[in-house]
Amino acid sequence: MVTGDYGRSGHLLITEEDAGAQAAAALLREALGSAGSGAAVDEAAFRQALDRPGIYFDFIQTMPVSVLSGQYGVSFPHQFQASCLLLSVGAEDVVQLYFWDGSGAVQRYSTAVSAAGVSEAIASFEPNGAYFAYEEGEALSFLSPYAILCPSLRDVRLLTTSVPAALDMDSLLDRLDFNPHTQSRYPEADGTEVVVETPRTLRVQPDGTVIYTGGAEAASALYRVSAAGAAGDLPTQVEAVLAVRQLLEVLLSGEDMGNAQLYFSGVTSSGGQTQVTFDYLVDGIPVYFADGGSAVEVEITETTITAFRLRCRQYTLAEDDYTPLPLPQALAAASVYGEGGDARLTLGYVDYGSGSVTPRWLLR
């Protein structure tokens, strides 16, 4: 959401190819890399900042700020969670960076970003009638107060989904450093192929789901997680995410996924255990699975990838555009199901396993 002197300009699921998005991302990168002293502020201060010239970024899911900044190629040493960021031009043209954790906690940092740079980026966006949910008061209390609502929607298309033909068992064994000539290989009654290389097991289900379990000792460098930047012997969350991304680059090529790509969607840690998830994105729109799971779910024990589940999918965009329900009707429908005041109304694809996949409004 971009706020200028003449109103707001909201963009739901803007793509990274958009020139305005690139300019905004460059400013956010500079802000993260130059953030100075910080302080906790209340939501009243956050809302005041939202009304000043600035650029607001909603990542929908909450994630560690260290990982989010790592995606922009900069290091941010502070440890807390955030789902929304705001670059706002404050008093004396000082550009401030705000983090909102999705439930009420707000952090504010001074930055070295110039007010002129923010103004230049804002000028590339035309006001389009977008607004935040809190600006409508109780009528939209079922949504997060900072949910972006855009009357004008971007173009969307239908998808077809299939299991990648190129991703067979022989290919997987080679990619995952298994013995391709193993004799410990057998089919189960439901068509699942199983390979056992103690203590590792690989299962490939007919629907394209790949399930791996292994021991605490890394079978090869592919399963090893660096802990060079961590205190003690455990990897940081950034190191865990990078290790999973490396695994996925080996497992899936662009051809395997068709029009899709994978994006980081979450990381949690407890003791020596870390869980990392990635999901599919098609034309800038996330793909969600009907059972609520992720496309990729990886478990790391200390410095070893010990288990993962990957849903192999190939998504193909249809040629014709698809028109979702207009925003007013979508809001009316969402009001019946929304509760708790912490959801966003966003577009997404829902994968039920096969066939055509339709973009639809979702409460996230």
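Cut-offs used in this document
- Residues numbered from 1 in each chain as written.
- Predicted model: local features only at pLDDT ≥ 70, side-chain atom pairs only at ≥ 80, totals over all residues.
- Heavy atoms only, no water.
- Buried < 20%, exposed > 50% of the residue type's maximum accessible area, 1.4 Å probe, protein only.
- Helix = DSSP H or I, 4+ residues; strand = E, 2+ residues; numbered from the N terminus.
- Pairing = 2+ DSSP bridges.
- Phe/Tyr/Trp six-rings, centres within 6.5 Å; stacked < 30°, edge-to-face > 60°.
- Lys NZ or Arg CZ within 6 Å of the ring centre and 35° of its normal.
- Patch = residues over 30% accessible without salt bridge, like charges linked within 9 Å, V, L, I, M, F, W, Y side chains within 5 Å.
- Areas by Shrake-Rupley, 256 points an atom, 1.4 Å probe, with all protein chains shown as cover.
- Salt bridge = Lys/Arg side-chain N within 4 Å of Asp/Glu carboxyl O.
- Lys, Arg positive; Asp, Glu negative; His and termini not counted.
- Charge placed at Lys NZ, Arg CZ, Asp CG, Glu CD.
- Arc of directions from axis to C-beta.
- Contact = heavy atoms within 4.5 Å.

Attention now moves to the pairing of strand β17 (residues 285–289). Counting buried positions over the five residues of β17 gives five, a clear majority of the element. Here β17 shows two buried faces, one formed by Ile 285, Val 287 and Phe 289 and the other by Pro 286 and Tyr 288. Pairing analysis gives two bridges linking strand β16 (residues 273–282) to β17, with the strands arranged antiparallel. Paired with Val 282 across the two strands is Ile 285, which belongs to β17. Hairpin connection of β16 to β17: two residues between the antiparallel strands, including Asp 283 at a positive phi of 55°.

This paragraph deals with the packing of aromatic side chains. Taken as a whole, this structure holds 17 aromatic pairs when the rule is applied. A ring pair is formed by Phe 80 and Phe 99, whose centres lie 5.2 Å apart and whose planes are at 80°; its orientation type is edge-to-face. With a gap of 19 residues between them, Phe 80 in the loop between α3 (65–71) and β5 (81–89) and Phe 99 in strand β6 (residues 95–100) connect regions that are remote in the sequence. Feature note: the residues Phe 46, Tyr 56, Tyr 98, Trp 100, Phe 132, Tyr 134 and Tyr 146 constitute an aromatic cluster, connected by ring pairs. Cation over ring: Arg 311 sits above Phe 289, and NZ or CZ is 4.3 Å from the ring centre.

A cluster of acidic residues, Asp 155, Glu 319, Asp 320 and Asp 321, forms a negative patch at the surface. Relative to the elements of secondary structure, Glu 319 occurs in strand β20 (residues 314–322).

Time to look at the pattern of salt bridges. Summed over all chains, the structure comprises twelve salt bridges. The partner of Glu 188 in a salt bridge is Arg 203, and the shortest N-O contact between them spans 2.6 Å. With Glu 188 in the loop between β11 (185–187) and β12 (193–197) and Arg 203 in strand β13 (residues 200–204), this residue pair connects regions lying 15 residues apart in the sequence. According to the relative accessible area criterion, Glu 188 is partly exposed, its value standing at 28%.

Right, let's get into unusual backbone geometry. Cis geometry marks the peptide bond from Thr 198 to Pro 199; its omega dihedral reads 5°. By secondary structure assignment, the location of Pro 199 is in the loop between β12 and β13. If you check the backbone angles, Leu 13 has positive phi at about 55° while not being a glycine. Inspection of the secondary structure puts Leu 13 in the loop between β2 (7–9) and α1 (19–34). For Leu 13, a relative accessible area of 15% translates into the label buried. With phi around 55°, Asp 283 is a residue other than glycine that occupies positive phi space.

It is worth spelling out helix α8 (residues 327–337) at this point. In an α-helix there are 3.6 residues to a turn, and that puts residues three or four apart on one side. When we look at burial in α8, the residues that qualify are Leu 327, Ala 330, Leu 331 and Ala 334. All buried residues of α8 project into a common sector of 100° when viewed along the axis, lining one side. Residues of α8 that are exposed and point more than 90 degrees away from the buried face comprise Pro 328 and Val 336. Lining the buried residues of α8 we find β8 (131–132), β9 (148–149), β21 (345–351) and β23 (359–363).

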